[in-house]
Amino acid sequence: MPGVFMDPAVDSFLKTVLRSGLLTREQLQAALRGLPKPQRHDPQALADHLVAGGQLSRFQAHKLRNGTALGLVLGPFQVLSPIGRGGMGTVYLARDTRGNQVVALKVLPPKRAREEERLLARFQREMEMSRRVAHPNLAWTYDVGVQSGVYYIAMEYIPGKSLYRLVADDGPLPVRRAARLFAEVCAALEHAHGQGLVHRDLKPSNILITPNDHAKVLDLGLALVQGEVNADREVVGGVGYVVGSMDWIAPEQTLDASRVDARSDVYGLGCTLYYTLSGRPPFPGGTSLEKIQRQRTEQPPRLEQLNPAVPPSFADMVHKMMAKSPSQRFASAEAVRQQLLPWMPDDPVLPMDRVGDTGYQKAVNTLRVGEIPAELIEVIVIQSPEPSGQHAPMPAAVSAGGPSRDWVWLGAGLVGFWVLVVLAIGLVMLLR
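Residues numbered from 1 in each chain as written. Predicted model: local features only at pLDDT ≥ 70, side-chain atom pairs only at ≥ 80, totals over all residues. Heavy atoms only, no water.

S.K.: I keep staring at the overall build of the protein chain and nothing clicks. Help me out?
M.R.: When its secondary structure is counted, the protein chain shows 17 helices and 13 strands. Taking all 432 residues of the protein chain together, the buried fraction comes to 51%. Partitioning the intrachain contacts of the protein chain with sequence separation of at least 6 by distance along the chain shows that 65% fall at a separation of at least 24. Only carbon and sulfur atoms are counted for the fraction: they give 55% of the accessible area of the protein chain, which is about 20,000 Å². (Helix = DSSP H or I, 4+ residues; strand = E, 2+ residues; numbered from the N terminus. Buried < 20%, exposed > 50% of the residue type's maximum accessible area, 1.4 Å probe, protein only. Contact = heavy atoms within 4.5 Å. Areas by Shrake-Rupley, 256 points an atom, 1.4 Å probe, with all protein chains shown as cover.)

The following block contains the structure:
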């Protein structure tokens with residue numbers, strides 16, 4: 001095939017396609033039969049032809065045109081398009097060549113795995129945890145593995161919007177719709193808790209709302225196995241290490257993230273429901289340390305004051321979920337679900353989304369041939385670009401608590417505080 005097209009740029013493009021492993025020589029030859037002669041001298045026209053024929057996705061064609069052959073095939077999976085970036089890596093739409101199934105492929109680039117042992121340990125934990133659960137309202141895990149130093153989790157691809165984005169775009173949800181969606185979330189959590197797992201990172205961006213208006217709980221990357229012993233404190237948390245997202249974290253989780261139970265998830269669920277009905281987290285603004293202090297000591301404004309459409313009795317339930325003491329909250333996710341049932345609408349509910357649904361196919365086709373978001377266009381699997389800027393060496397980065405996950409290292413800060421106190425006292429004594 002290379003050499004038949006005499007234009008050097010075209011020849012280089014075709015060689016890159018073959019090196020990528022996306023198409024065999026025979027498949028490429030078949031795809032190019034009947035190609036009009038004027039297009040045979042234009043690499044971009046060739047790429048567009050392969051996209052239009054379904055042989056390549058828009059993202060694959062873009063990478064191949066730029067000479068990138070590596071990273072588009074990962075074991076049995078062909079990477080079709082990036083879906084988003086998270087705290088540990090990138091999530092891709094991918095095709096499993098063993099059965100032609102579309103999956104969401106969560107990937108930890110090898111460079112990050114080599115340089116951040118804690119990150120690799122957390123990703124490996126998620127690989128293990130994700131296989132413990134099986135529930136319609138939890139993202140299914142099909143496969144986990146490592147290929148060429150790249151760790152991956154192949155999950156159910158779920159079209160839709162995160163609850164965070166849904167509320168940000170459309171405003172607070174009506175009470176009855178929120179009750180139905182959160183009843184599904186509670187069912188998923190009750191299943192996870194029954195397997196001994198505490199999610200520890202419930203928040204609006206970890207709940208996906210599907211085209212048929214069902215809820216799917218995502219991301220077990222911070223999940224804890226109750227009763228777990230001898231775990232690395234930098235991975236699972238402990239005294240001095242706060243693990244979670246500060247806008248939604250339970251007070252006891254900020255004190256010792258290894259000593260939590262189902263009621264800590266009830267608190268995160270309450271904060272998430274508060275956001276869903278008000279359009280803001282319980283304690284907006286401030287630094288992560290300030291958020292921690294407010295989660296421990298302050299009461300958020302009454303929900304019905306922020307949204308008069310919320311009945312006071314429903315607001316009472318949400319505020320009970322966010323009680324500072326675990327003993328004052330609902331004891332389980334199932335107990336919360338029972339409280340939500342009377343508020344659910346009587347309207348017929350659409351079936352759970354399935355492969356082949358109109359919304360599903362539309363989302364897949366858009367990702368395959370649509371324009372790639374500018375912030376994701378340069379993402380590749382094997383050779384992930386380095387983020388700009390330098391970060392201080394800490395157990396984890398600190399963020400504002402939006403869609404991304406927060407970790408805060410308190411140990412050094414507390415030590416520094418007391419050193420300053422001792423120095424101040426010494427100075428006062430000298431001046432007396």
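S.K.: How should I be thinking about the packing of helix 1 (residues 8–20) against helix 4 (residues 58–65) in this particular structure?
M.R.: The description of two helices packed together rests on the angle between their axes and the distance between the axes. Two elements in contact, helix 1 and helix 4, have axes whose closest approach is 9 Å; the angle formed by their N-to-C orientations is 120°. Here helix 1 is positioned oblique relative to helix 4, judged by the angle of their axes. With respect to the hand of their crossing, helix 1 and helix 4 are arranged in right-handed fashion. Packed against helix 1, whose contacting residues are Phe13, Thr16, Val17 and Ser20, the element helix 4 presents Ala61, Leu64 and Arg65 at the interface. Residues belonging to the contact of helix 1 with helix 4 are distributed by class as follows: four nonpolar, two polar and one charged. (Axes fitted to C-alpha atoms, helices over the stretch in contact; angles between N-to-C directions. Parallel < 35°, antiparallel > 145°, perpendicular 65-115°, else oblique. Left-handed = near helix turned anticlockwise from the far one by under 90°. Nonpolar A, V, L, I, M, F, W, Y, C, P; charged D, E, K, R; others polar.)

S.K.: Quick question: what am I supposed to make of the sheet that holds strand 10 (residues 215–217) here?
M.R.: Pairing between the strands of a sheet comes from backbone hydrogen bonds, and it takes one of two forms, parallel or antiparallel. Ordered by their spatial adjacency, three strands build an open sheet running 7-9-10, and the pairing between neighbours is antiparallel. Strand pairing shows two members of the sheet lacking a second neighbour, strand 7 (161–162) and strand 10, which therefore form its edges. Relative to strand 10, strand 9 (residues 207–209) is paired through three bridges, and the arrangement is antiparallel. Along strand 10, the bridge assignment pairs Ile209 with Ala215. Helix 8 (residues 175–194) contacts strand 9 and strand 10 of the sheet and is inclined by roughly 35° relative to strand 10. (Pairing = 2+ DSSP bridges.)

S.K.: What exactly am I supposed to notice about unusual backbone geometry here?
M.R.: A positive phi angle, near 70°, is found at Arg200, a position not held by glycine. Take Arg200: it is sitting in the loop between strand 8 (197–198) and strand 9. Residue Asp213 is not a glycine yet carries a positive backbone phi of 65°. Relative to the helices and strands, Asp213 is located in the loop between strand 9 and strand 10.

S.K.: Looking at this model, I keep getting lost on the packing of aromatic side chains. Mind explaining?
M.R.: Two numbers describe a pair of aromatic rings. These are the distance of the centres and the angle of the planes. Under the defined criterion, the tally for this structure stands at five aromatic pairs. Consider the rings of Tyr157 and Tyr360, whose centres lie 5.6 Å apart with planes at 70°: the pair is edge-to-face. Pair noted here: Tyr157 is in the loop between strand 6 (150–156) and strand 7 and Tyr360 is in helix 16 (residues 358–369), with a separation of 203 residues, a long-range link. With respect to burial, Tyr157 and Tyr360 carry one shared label: buried. (Phe/Tyr/Trp six-rings, centres within 6.5 Å; stacked < 30°, edge-to-face > 60°.)

S.K.: Is there a simple way to think about the environment of Ile153 in this case?
M.R.: The topology assignment puts Ile153 in strand 6. When sequence neighbours within four positions are dropped, the list of residues in contact with Ile153 reads Ala104, Leu105, Lys106, Phe123, Glu126, Met127, Ser130, Thr141, Asp143 and Val144.

S.K.: Please explain empty space enclosed by the protein as it appears in this structure.
M.R.: Picture a little ball the size of a water molecule; that probe, rolled over the atoms, points out where space is still empty. Under the criterion given, the structure shown has two cavities of 30 Å³ or more. Taken as a whole, the largest cavity holds about 100 Å³ of empty space. Along its surface, the largest cavity is lined by Glu126, Ser130, Val133, Leu138, Ala139, Thr141, Met155, His199, Val217, Leu218, Asp219 and Leu220. A per-class count over the lining of the largest cavity returns seven nonpolar, three polar and two charged. Estimates place the volume of the second largest cavity at around 60 Å³. Considering the residues around the second largest cavity, the lining is formed by Arg200, Asp201, Leu202, Gly244, Ser245, Trp248, Ile249, Ala250, Gln253, Ser264, Asp265 and Gly268. Per-element tally for the lining of the second largest cavity: the top contributor is helix 11 (residues 262–278), with three residues. Of the residues in the lining of the second largest cavity, the class split is four nonpolar, five polar and three charged. (1 Å grid on protein atoms, 1.4 Å probe; cavity = no way out; pocket = protein on both sides within 12 Å on 5 of 7 lines; lining within 4 Å. Points joined across faces, edges and corners; volume = space filled by probe spheres on them.)

S.K.: Looking at this structure, I do not really get the pattern of salt bridges. What am I missing?
M.R.: Where charged atoms from two side chains of opposite charge come close, those side chains can pair. One pass over the structure, following the stated rule, counts 21 salt bridges. A salt bridge links Arg177 to Asp213, with the shortest nitrogen-to-oxygen separation between them at 2.6 Å. Here Arg177 is found in helix 8, whereas its partner Asp213 is found in the loop between strand 9 and strand 10, with 36 residues between them in sequence. Look at Arg177 and you get partly exposed, because its relative accessible area is 27%. Overlapping salt bridges, with partners in common, bring together Asp96, Arg98 and Asp143 in one network. (Salt bridge = Lys/Arg side-chain N within 4 Å of Asp/Glu carboxyl O.)

S.K.: Honestly, the side chain of Gln60 in this entry has me stumped. Any pointers?
M.R.: Assignment of secondary structure puts Gln60 in helix 4. Of the residues examined, Gln60 reaches a relative accessible area of 2% and is grouped as buried. A polar contact of 2.9 Å, which involves the side chain of Gln60, links it to the backbone nitrogen of Ser57. Here Val79 takes part through its backbone oxygen, which lies 2.7 Å from a polar atom of the side chain of Gln60. (Polar contact = N/O pair within 3.5 Å; in protein donor to acceptor, adjacent residues only side chain to side chain.)

S.K.: What should I look at first to understand the packing of helix 3 (residues 43–52) against helix 4 in this one?
M.R.: At their nearest, the axes of helix 3 and helix 4 sit 9 Å apart, and the two run at 155° to each other. One way to sum up the angle between helix 3 and helix 4 is to call them roughly antiparallel. Note on packing geometry: the crossing formed by helix 3 with helix 4 is right-handed. Here helix 3 contributes Pro43, Gln44, Ala47, Asp48 and Val51 to the contact with helix 4, which in turn contributes Arg58, Ala61 and Arg65. Split by residue class, the contact of helix 3 with helix 4 holds four nonpolar, one polar and three charged.

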